[in-house]
Amino acid sequence: MGKHPMNKNTTTSPPSQPTSVVTGAAGFLGSHLVDLLLARGHKVIGIDNFVTGSVDNISHLGGNRNFKFIEQDVTEYIFLDVPVD
Ligand SMILES: NC(=O)c1ccc[n+]([C@@H]2O[C@H](COP(=O)([O-])OP(=O)(O)OC[C@H]3O[C@@H](n4cnc5c(N)ncnc54)[C@H](O)[C@@H]3O)[C@@H](O)[C@H]2O)c1
């Protein structure tokens, strides 16, 4: 059963560096959540359309290899080319 392609993650431990997606990443709460997850060793994909958020809230993450930012309205379809946890 463990070798079935659909079951490949059911018998293994969680990844050592999970990938998390944070919507509203440039907002007050979202930017703090991003910081927390990065401090816990996650890779983080932040999504925000800046309707109320600000780049100031995430500017300190510039150059952080574990953080990727996508400017987009989350009510629109989005395709992520990496697996997320
Ligand atoms: N220093 C402080 O204590 C402080 C500062 C700011 C806010 N606050 C409080 O925090 C609360 C607000 O914080 P918050 O984090 O909930 O709001 P926020 O507006 O800061 O964050 C929401 C984020 O979601 C984004 N967003 C909204 N719709 C979106 C969409 N369709 N697609 C993509 N992104 C989208 C916005 O651009 C924004 O960045 C309020 O209670 C406010 O009073 C406190």
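For the structure, see preceding data.
Residues numbered from 1 in each chain as written. Predicted model: local features only at pLDDT ≥ 70, side-chain atom pairs only at ≥ 80, totals over all residues. Heavy atoms only, no water.

### Considering the nonpolar core
In this structure, V22, A25, A26, V34, L37, L38, V44, I58, L61 and F67 together form the largest nonpolar core, which totals ten residues. Ranked by residues supplied to this core, first place goes to helix α1 (residues 28–39) with three residues. With near-sequence residues (within four places) excluded, L38 lies in contact with V44, L61, N64, N66 and F67. (Core = buried A, V, L, I, M, F, W, Y, C linked by side-chain atoms within 4.5 Å. Buried < 20%, exposed > 50% of the residue type's maximum accessible area, 1.4 Å probe, protein only. Helix = DSSP H or I, 4+ residues; strand = E, 2+ residues; numbered from the N terminus. Contact = heavy atoms within 4.5 Å.)

### Side note on the site of the ligand
Neighbouring the ligand are 14 residues, the closest being F28, L29, D48, T52 and D73. Between D73 and the ligand, the recorded distance is 2.8 Å, taken from a side-chain N or O atom to a nitrogen atom. Contact distances for the ligand include 2.8 Å between a nitrogen atom and a backbone N or O atom of V74. In isolation the ligand offers 860 Å² of accessible surface; the protein chains occlude 50% of this area. Across the shell around the ligand, the residue classes tally to six nonpolar, six polar and two charged. (Near = heavy atom within 4 Å. Polar contact = N/O pair within 3.5 Å; in protein donor to acceptor, adjacent residues only side chain to side chain. Areas by Shrake-Rupley, 256 points an atom, 1.4 Å probe, with all protein chains shown as cover. Nonpolar A, V, L, I, M, F, W, Y, C, P; charged D, E, K, R; others polar.)

### Let's talk about the sheet that holds strand β1 (residues 19–23)
Strand order in the open sheet made by the three strands is β1-β2-β3, with parallel pairing throughout. For this open sheet the edge positions go to β1 and β3 (67–71), each flanked by a neighbour on one side alone. Taken pair by pair, the neighbouring strands of this sheet meet at an average axis angle of 20°, ignoring direction. For β1 and strand β2 (residues 43–48), the ladder comprises five bridges, and the chain directions are parallel. By the bridge assignment for β2, T19 is matched with K43. In the packing of α1 onto the sheet, contacts are made with β1, β2 and β3, and the angle to β1 comes to roughly 170°. (Pairing = 2+ DSSP bridges. Axes fitted to C-alpha atoms, helices over the stretch in contact; angles between N-to-C directions.)

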